Amino acid sequence: MSGRRDWWRRNRWALAALPVALVAALAASSDRVATYYWHAGLHDARTAGHGEWFELHDEYTDGKGTHERVVRVRLDRTAVLTPAALRQVRVEVPSGARAVQVTLSLEADPDLPLALCRLALRDADGTRYDYQRPGAGEVTTARPMSPCVPGDTPGPSESLGRLDEVLSADERDPRPRSWTVEPVVVVPDDARVDEVLLWWREPVYVALDVD
Amino acid sequence: MSTTSGSGGARPWTQRIGVVALVLAALATGRAITHSFPVEGRIEAPFVRDSAVGEPVRLRYADVEAGEPAGARELDAGGTTLTSPGVWLVVPVRMTARGEPRTLAYAAVRGSDGTLYVAGGFGRGGFAPGTAQPGVPREADVAVELPADAVAGAHLLLALDPDDHRRDDLADIDLGLTQADVERWTDGAPPVTFRDAADAGATASADASGDGS
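Conventions and cut-offs
- Residues numbered from 1 in each chain as written.
- Chains lettered and ligands numbered in written order.
- Predicted model: local features only at pLDDT ≥ 70, side-chain atom pairs only at ≥ 80, totals over all residues.
- Heavy atoms only, no water.
- Helix = DSSP H or I, 4+ residues; strand = E, 2+ residues; numbered from the N terminus.
- Buried < 20%, exposed > 50% of the residue type's maximum accessible area, 1.4 Å probe, protein only.
- Contact = heavy atoms within 4.5 Å.
- Areas by Shrake-Rupley, 256 points an atom, 1.4 Å probe, with all protein chains shown as cover.
- Lys, Arg positive; Asp, Glu negative; His and termini not counted.
- Charge placed at Lys NZ, Arg CZ, Asp CG, Glu CD.
- Expected span 1.5 Å × (residues − 1).
- Bend = angle between axes of the 7 residues up to and from the residue.
- Pairing = 2+ DSSP bridges.
- Axes fitted to C-alpha atoms, helices over the stretch in contact; angles between N-to-C directions.
- Disulfide = S-S within 2.5 Å.
- Salt bridge = Lys/Arg side-chain N within 4 Å of Asp/Glu carboxyl O.
- Core = buried A, V, L, I, M, F, W, Y, C linked by side-chain atoms within 4.5 Å.

Asks: Quick rundown of the overall build of chain A? Include the residues and the values.
Replies: Scanning chain A for helices and strands turns up four helices and ten strands. When the helices and strands of chain A are listed from N to C terminus, the series reads α-α-α-β-β-β-α-β-β-β-β-β-β-β. Counting only C-alpha atoms, chain A reaches 90 × 50 × 30 Å along its principal axes. Counting only residues that meet the buried cut, chain A has 38% of its 211 residues in that class. In chain A, the share of contacts with a sequence separation of at least 24, taken over all contacts with a separation of at least 6, comes to 68%. Per element, the accessible surface of chain A, about 12,500 Å² overall, is 51% carbon and sulfur. Of note, chain A has its 26 positive side-chain charges centred 10 Å away from the centre of its 33 negative side-chain charges.

Now the structure itself:
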């Protein structure tokens with residue numbers, strides 16, 4: 001009897017350390033969770049309500065180091081295009097699907113590289129419908145190369161370090177401080193779109209409520 | 001660890017030998033077990049979903065369905081005609097992505113000889129479906145050339161990743177081909193066509209389907 005109590009007393013520090021050791025062991029062997037899960041998808045949501053301006057603060061790394069990315073974005077409206085409107089914007093939609101035009105207003109410093117963005121719609125089930133880039137010869141205002149910057153004045157590209165010197169200069173006008181884009185996303189007829197997602201670097205993404 | 005006291009060297013010596021023998025026996029048993037049950041391959045094996053032509057099969061990332069295969073000695077791909085000493089096999093595939101847009105990148109035909117004929121391009125056939133939007137079915141062809149005697153009983157395999165099929169779904173579709181099909185195809189059948197991938201039901205102009213704005 002007293003032997004058992006002695007055992008507890010003799011081993012009290014080891015027993016207290018046991019849960020700590022367990023947590024430490026799990027943490028030590030889960031470093032891959034960051035690489036293979038967290039950074040490999042959209043997990044860091046920055047949400048904004050309908051019609052509200054949202055300011056995104058994030059970082060990006062290019063040939064010249066790590067920089068801050070500050071963008072303000074607002075979802076103006078989403079609208080399903082009528083067949084007449086589809087003909088006007090020259091977008092093809094397969095049967096059983098419809099085209100949703102997303103109108104976004106954005107504000108950012110003209111020197112900030114923003115062209116490499118991705119846009120998607122997400123419905124209540126969590127299914128994601130991406131904006132799909134057109135082929136090189138099929139770019140229109142409704143299907144631009146980049147869904148978040150103006151087609152004529154996309155702004156600078158991310159620096160390639162020493163390669164910048166050998167690249168020919170971009171002769172286009174600088175991007176305005178604020179602009180509006182209206183890319184078109186094809187979704188199936190029965191999709192109930194809940195949110196518009198916009199992201200540059202996973203896992204950070206902006207989720208804008210549709211309603 | 002208690003030490004034996006008293007009766008001299010004989011007991012500790014036999015005890016130690018006994019412990020060593022038990023440890024060796026345990027190691028040998030463990031090795032025999034892992035040797036006779038090859039767990040490694042099963043842990044990493046893909047989840048094979050069987051199906052047949054015309055039967056949709058539900059994979060984690062998409063629903064896919066293979067249509068009637070066609071074959072001939074010659075393949076017409078984008079204006080180029082490719083002749084094969086074996087048989088060109090073209091299988092139309094219809095896929096509907098699930099969850100997020102998917103780009104299926106693996107198609108292969110497992111011939112009756114057991115060999116895997118992967119639709120890998122190199123200018124001869126292939127499988128290039130592009131990105132399928134969830135809920136919007138997409139149609140693409142798989143074109144593979146294989147020896148005529150491997151065609152009867154061939155199966156079509158479809159998967160998402162081009163190289164790594166571990167622990168993910170893989171469709172195994174029985175194409176229902178017989179020797180009669182092979183003879184028909186090698187006996188002067190017209191060339192089979194390899195069509196570019198497209199959304200199912202895609203129309204040249206805007207669709208006038210009755211959904212409101």
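Asks: Any chance you could break down the environment of Pro 154 of chain A for me, citing the residues and the numbers?
Replies: Residues and elements named next belong to chain A. In this structure, Pro 154 sits in the loop between β6 (128-130) and β7 (178-181). Sequence separation of Pro 154 and Pro 113 is 41 residues, and the distance between their C-alpha atoms is 8.4 Å. Sequence-distant contacts of Pro 154, defined by excluding residues within four places in its chain, comprise Val 149, Arg 172 and Arg 175.

Asks: Summarise helix α2 (residues 12-28) of chain A; cite the residues concerned and give the values.
Replies: For α2 of chain A, with 17 residues, the first-to-last C-alpha span of 24 Å sits near the 24 Å given by 1.5 Å per residue. At Leu 18 of chain A, α2 of chain A shows its largest kink, close to 35°, and the proline Pro 19 of chain A lies no more than four residues downstream.

Asks: Explain the sheet that holds strand β9 (residues 155-159) of chain B to me, using residue names and the numbers behind them.
Replies: All names here are of chain B. Here five strands make up an open sheet; going across it, the order is β1-β10-β9-β6-β7 and the pairing mixed. Both edges of this open sheet fall to β1 (47-52) and β7 (116-118), since each of them pairs with a single strand only. Ignoring which end each strand starts from, the neighbouring axes of this sheet average 25° apart.

Asks: Give a description of the state of the cysteines that names residues and reports values.
Replies: All names here are of chain A. A full pass over the atoms with the stated rule returns one disulfide over all chains. One disulfide in the model links Cys 117 with Cys 148; its S-S distance is 2.1 Å. Taking the torsion about the sulfur-sulfur bond, which here is approximately -120°, the covalent link between Cys 117 and Cys 148 counts as left-handed. Of this pair, Cys 117 sits in the loop between β4 (97-108) and β5 (118-123) while Cys 148 sits in the loop between β6 and β7; the two residues are 31 residues apart in sequence, bridging distant segments of the chain. Judged by its relative accessible area of 1%, Cys 117 is buried. What makes Cys 148 buried here is its relative accessible area of 0%.

Asks: A description of the pattern of salt bridges should follow, citing residues and the corresponding values.
Replies: Side chains that differ in sign of charge can pair as their charged atoms come close. Residues and elements named next belong to chain B. All told, the structure shown has 25 salt bridges over all chains when counted by the stated rule. Between Glu 100 and Arg 102 there is a salt bridge whose closest N-O contact spans 3.9 Å. Judged by relative accessible area, Glu 100 falls into the partly exposed class, the value being 31%. The class for Arg 102 is buried, based on a relative accessible area of 13%. With its nearest N and O atoms 2.9 Å apart, the salt bridge here joins Arg 138 to Asp 199. Remark: Asp 199 occurs in strand β12 (residues 198-199) and Arg 138 occurs in strand β8 (residues 138-146); sequence separation between them is 61 residues. The class for Arg 138 is buried, based on a relative accessible area of 14%.

Asks: Quick rundown of the nonpolar core? Include the residues and the values.
Replies: Grouped together as the largest cluster of nonpolar side chains are 40 residues, with contacts concentrated most on Val 64, Phe 127, Val 142, Leu 156 and Leu 158 of chain B. If you list the elements that add at least two residues to this core, you get β3 (62-66), β5 (80-97), β6 (106-110), β8, β9, β10 (169-174) and α3 (179-186) of chain B. Broken down by element, the residue count for this core peaks at six residues, all from β5 of chain B. Judged by nonpolar contacts, the second largest core, of 34 residues, contains Val 73, Leu 75, Tyr 129 and Val 210 of chain A.

Asks: I'd like a rundown of unusual backbone geometry, residues and numbers included.
Replies: In this structure, the amide linkage connecting Glu 202 of chain A to the following residue, Pro 203 of chain A, adopts the cis form with an omega of 0°. With respect to the secondary-structure elements, Pro 203 of chain A resides in the loop between β9 (193-199) and β10 (204-209). Here the phi dihedral of Arg 167 of chain B falls at roughly 55°; this positive angle occurs in a residue that is not glycine. Tracing the chain through its elements places Arg 167 of chain B in the loop between β9 and β10. When its relative accessible area of 48% is taken as the criterion, Arg 167 of chain B is described as partly exposed.

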